[in-house]
Structures are given as C-alpha cells and as structure tokens.
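As a plain string of letters, each chain reads:
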Amino acid sequence: MRIKSILVSQPAPSESSPYLEIAKKEKIKIDFRPFIHVEGVDNKELRTQKIDLTQHTGIIFTSKNAIDHYFRLAEELRFAVPDTMRYICQSEAIANYLQKHIVYRKRKISFGEKNFADLLPLFKKFPSEKYLLPSSDVLSPDIPKTLDAANIEWTRAIMYRTVCSDLTDINIKDYDMLIFFSPQGIKSLQQNFPDFKQEDTKIGVFGPTTSAAAEDAGLKIDLMAPTKETPSMTMALEKYIKSLHK
C-alpha cells in the first residue's frame, strides 16, 4: 500500500520541519492537527485540593505548561512568589522558560539532563525544602516513584488538564496513516470518531505508553518510535515510507 496522506496529531511545525522534507521527497500530503489541548483549573478547584501555595519553599517543574499555570494561579490567588523559592526543573529548556515569569539570575534554579529520574541528585542535595509539583491530571508513574525514593516532602497540585479537542470537522478516513504521541491522543480518536474502524489505515505511535493505549483500543501498530535505529518519529516515518514505496 502506498501512503498518500498522513495526519499527525500535533500542531503544525515550523517551515524547517523534517515532516515537510518528507512530504516533499515522497510526494505525500502531511496534515497537522492537535488531538488534545490543555485547560487550566481555576483557583476554586485548586482550593478543593487543599493546596496552599504559601506552604512550599520549592517547586518542581516538568513542563512549560506547569510553569505557566503555576504563575497564573499564583496571580489569581494574589500570592507573591518569594525570591527565596527554589526551582527544580526537569531540563535546561524548562529552566530557561522561567525567564518569562521571573528574573532568572536572582533565583535558586537547578535542572536535570532530560529524564525526571535525573533530578534525584538535586533532591538529595536540597532535601529540606517543602516541594510543590504543579502537574496535569495525567502524571507519569515514574515521577512519584522518583520523589518517594528521594525521601523528600512533596505535594502534587493538579493545575491543568489534558482534554480532547473537537475534531468532528475532519474526515478521518481521508488519511492513509495516523500518528499519535500520547495515550490522550488515542482517547481523542475514540471520543471524536466512535465508529472508526482501522481497516487499511496505518497507525504510528511514539513511546511505550502510547503504544499500550493503541493496543488497548484494538489498533494494529504499523510504526513505532523511538528505537535505536530511529530515535525520532520523523526518522522512523521516513524509513517506513521508503520501505513501503519501494
């Protein structure tokens, strides 16, 4: 089967995206559409979680969304985040994003390499802080596991939710292949297209949790990333399409 059209369940990338190079080389149509989006909780809902922002001396940030929603809620609650607050960020990119909200050079900011488990030495270095973890309603099980292993005091605050986007304007059968990056994306497919039958539609997934969600939904996975040979989805996709189009 020749792939002529692909729907990627993410926002449209920049002009220099590898996806666009693949589309040009292989003469295929690649469309982009987020299957999910983020909605912030309000301060009333935060209070129902019994979260008091004043009781924490450190914050753990795992994403840019977490940063934005923490400072949004702090403003709504008229909480002036003190200069003494310690920030532990999952990566340098997330730490740099803090500059949108604070004067970076005047704060206590540390960050890991990439994975959440990389933060363990930082928690052991600063064990006495009372940490707040702003998060989505969906949380990787590795995060609480690492925090508990660090033997620190921490509290999770759900500050935003990942919800299914409205995709009813799309004819999903117009596409030969669908590509997903999260279990929530698979859930959105099911919610928006309850009568969807895979048949000849190819399915690509990124990551083991997305793969598990696709299998649970009864989907046959045709393309999986990352792998040692293809660490990115675009590399895996290009290799897959070339093999199909031989």
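Numbering of residues starts from 1 in each chain and follows the order in which that chain's sequence is written. The predicted nature of this model means local features are confined to residues of pLDDT at least 70 and side-chain atom pairs, given and counted, to a pLDDT of 80 or more, with totals for whole chains, interfaces and linings taken over all residues. Side-chain numbers here rest on the full set of heavy atoms in the structure, without hydrogens or water.

Under an unreviewed UniProt entry, the protein chain has the name Uroporphyrinogen-III synthase and belongs to Chryseobacterium piscium.

The rule for a salt bridge is simple: a side-chain nitrogen of Lys or Arg has to be within 4 Å of a carboxyl oxygen of Asp or Glu. Inspection of the entire model under this criterion finds 10 salt bridges. In this structure, Arg72 engages Glu76 in a salt bridge whose closest nitrogen and oxygen atoms are separated by 3.0 Å. Linking Arg72 with Glu76, this pair stays in helix H3 (residues 64–76), spanning four residues, or about one helical turn. Only protein chains enter the accessibility calculation, which uses a 1.4 Å probe; a residue whose area is less than 20% of its type maximum is buried, one above 50% is exposed, and one in between is partly exposed. With relative accessibility at 24%, the residue Arg72 sits in the partly exposed group. For Glu238, the salt bridge is made with Lys242, and the minimal N-O distance between the two is 3.6 Å. One end of the pair, Glu238, and the other, Lys242, are both in helix H9 (residues 233–244), four residues apart, so they sit about a helical turn from each other. Comment: elements are numbered from the N terminus, with helices defined as DSSP H or I runs of at least four residues and strands as E runs of at least two.

Now for the nonpolar core. Grouping buried Ala, Val, Leu, Ile, Met, Phe, Trp, Tyr and Cys residues that are joined through side-chain atoms within 4.5 Å yields what is termed a nonpolar core. Among the nonpolar cores identified, the biggest contains 26 residues, and Leu53, Phe61, Tyr70, Phe71, Tyr87, Leu98 and Met159 are the most heavily contacted of them. Elements supplying a minimum of two residues to this core: strand S4 (58–61), H3, strand S5 (86–89), helix H4 (92–97) and strand S8 (153–164). Ranked by the residues each element gives to this core, the list is headed by H3, at six residues. Discounting chain neighbours no more than four positions away, the residues touching Tyr87 are Ile59, Phe61, Phe71, Val81, Leu98, Ile102, Arg107, Lys108, Ile109 and Ser110. Among the nonpolar cores identified, the runner-up in size contains 18 residues, and Ile3, Ile30, Ala225 and Ile241 belong to it. Any two residues whose heavy atoms approach within 4.5 Å at even a single point are treated as in contact.

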